[in-house]
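What the coordinates show
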Amino acid sequence: FLMVLFAGCDLSKYPIDDPAVIKIDTRLLGTWSEKKKDLSETYTLTKKDNFHYLVTEKKKKEKPEKYTAYLSDVAHTPFLNVYCNDGKDSGFLFIKIIDVNTAKKRVTTVSVKDTTMKYLTSTAEVRALITNNLNNPAFYSDTAYMYKVK
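Now for a quick tour of the structure. Model, not experiment: these values are computed from the prediction.

**Notes on a negative patch on the surface**
- On the surface, Glu62, Glu65, Asp86 and Asp89 cluster together into a negatively charged patch.
- Assignment of secondary structure puts Glu65 in strand β4 (residues 65-74).
- Classification of Glu65 as partly exposed rests on a relative accessible area of 40%.

**Concerning the side chain of Thr44**
- Relative to the assigned elements, Thr44 resides in strand β2 (residues 41-47).
- Here the side chain of Thr44 touches Thr31 through a polar contact of 2.9 Å, side chain to side chain.
- With near-sequence residues (within four places) excluded, Thr44 lies in contact with Gly30, Thr31, Leu54, Val55 and Thr56.

**Details of the pattern of salt bridges**
- With the rule as written, the count across this model stands at three salt bridges.
- The residue Arg127 makes a salt bridge to Asp17 at a minimum N-O spacing of 2.7 Å. Here Arg127, found in helix α1 (residues 123-132), pairs with Asp17, found in the segment before β1 (30-33); they are 110 residues apart in sequence, far enough to count as distant.
- Note on Arg127: relative accessible area 26%, which makes it partly exposed.
- Overall, Asp17 belongs to the buried group, its relative accessible area being 12%.
- We note a salt bridge from Arg27 to Asp25, for which the minimum N-O separation is 2.8 Å.

**A short note on the environment of Thr56**
- Relative to the assigned elements, Thr56 resides in strand β3 (residues 53-59).
- As for Thr56 and Pro15, which are separated by 41 residues in sequence, their C-alpha atoms are 20 Å apart.
- If sequence neighbours within four positions are ignored, Thr56 has contacts with Thr42, Tyr43, Thr44, Pro64, Glu65 and Lys66.
- A distance of 3.3 Å separates polar atoms of two side chains, one belonging to Thr56 and the other to Lys66.

**What about α1?**
- Of all the positions in α1, only Val126, Leu129 and Ile130 are classed as buried. One face of α1 carries all of its buried residues, which in axial projection span an arc of 95 degrees. Along α1, exposed side chains directed more than 90 degrees from the buried face belong to Ala124 and Asn132.
- Where α1 is buried, its residues meet β4, β5 (77-85) and β6 (90-101).

**Things to note about the packing of aromatic side chains**
- Evaluation of the coordinates by the stated rule reveals two aromatic pairs.
- Ring plane angle 90 degrees and centroid distance 5.2 Å describe the contact between Phe139 and Tyr140, whose orientation is recorded as edge-to-face. Assigned by exposure class, Phe139 and Tyr140 land together as buried.

**Some thoughts on unusual backbone geometry**
- Along the chain, Asp18 connects to Pro19 via a cis peptide bond; the corresponding omega equals 5 degrees.
- When you line up the elements, Pro19 lands in the segment before β1.
- Even without glycine at this site, Lys105 takes up a positive phi of about 50 degrees.
- Within the element layout of this structure, Lys105 appears in the loop between β6 and β7 (106-111).

**Details of the sheet that holds β7**
- Taken in spatial order, the eight strands close into a barrel running β1-β2-β3-β4-β5-β6-β7-β8, and their pairing is antiparallel. Shown here is a sheet whose adjacent strand axes are inclined to one another by a mean of 35 degrees, direction ignored.
- Two elements, β6 and β7, share six bridges in a ladder whose sense is antiparallel. The residue of β7 that forms the bridge with Ile97 is Thr109.

So, how was this worked out
Residues numbered from 1 in each chain as written. Predicted model: local features only at pLDDT ≥ 70, side-chain atom pairs only at ≥ 80, totals over all residues. Heavy atoms only, no water. Patch = residues over 30% accessible without salt bridge, like charges linked within 9 Å, V, L, I, M, F, W, Y side chains within 5 Å. Areas by Shrake-Rupley, 256 points an atom, 1.4 Å probe, with all protein chains shown as cover. Salt bridge = Lys/Arg side-chain N within 4 Å of Asp/Glu carboxyl O. Lys, Arg positive; Asp, Glu negative; His and termini not counted. Charge placed at Lys NZ, Arg CZ, Asp CG, Glu CD. Helix = DSSP H or I, 4+ residues; strand = E, 2+ residues; numbered from the N terminus. Buried < 20%, exposed > 50% of the residue type's maximum accessible area, 1.4 Å probe, protein only. Polar contact = N/O pair within 3.5 Å; in protein donor to acceptor, adjacent residues only side chain to side chain. Contact = heavy atoms within 4.5 Å. Arc of directions from axis to C-beta. Phe/Tyr/Trp six-rings, centres within 6.5 Å; stacked < 30°, edge-to-face > 60°. Pairing = 2+ DSSP bridges. Axes fitted to C-alpha atoms, helices over the stretch in contact; angles between N-to-C directions.

Listed below in structure tokens is the structure:
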């Protein structure tokens, strides 16, 4: 569910919450892929501690990338705060979790795709912007369906 996220988003210097206040959702643990049988690009979420995930992105023939992530609740809607640091830029990307379907082993998400995120100066501003755009389709990228493969 991070695929859409890493496609050219502007990073926020601030997360939605700081520190993390929501315990991990164990339904998100495991290895996920956009296609049920295709393991050429996977995202594995493991428990780092009670509040943080370690996310490992693996693409065929590339070195795995690692990220730290944690959940926030915005108006009863879960968001994943993903901290990225590629050496040039660092900051947070946000994924809105629309649905976790354990029976189908599928998670439905969209990522925040807003160019103003990089200009915000506090977690309060990040939370306010996301709250004000919670149901605005233009605020998000395309819907991603990720399937649990392991």
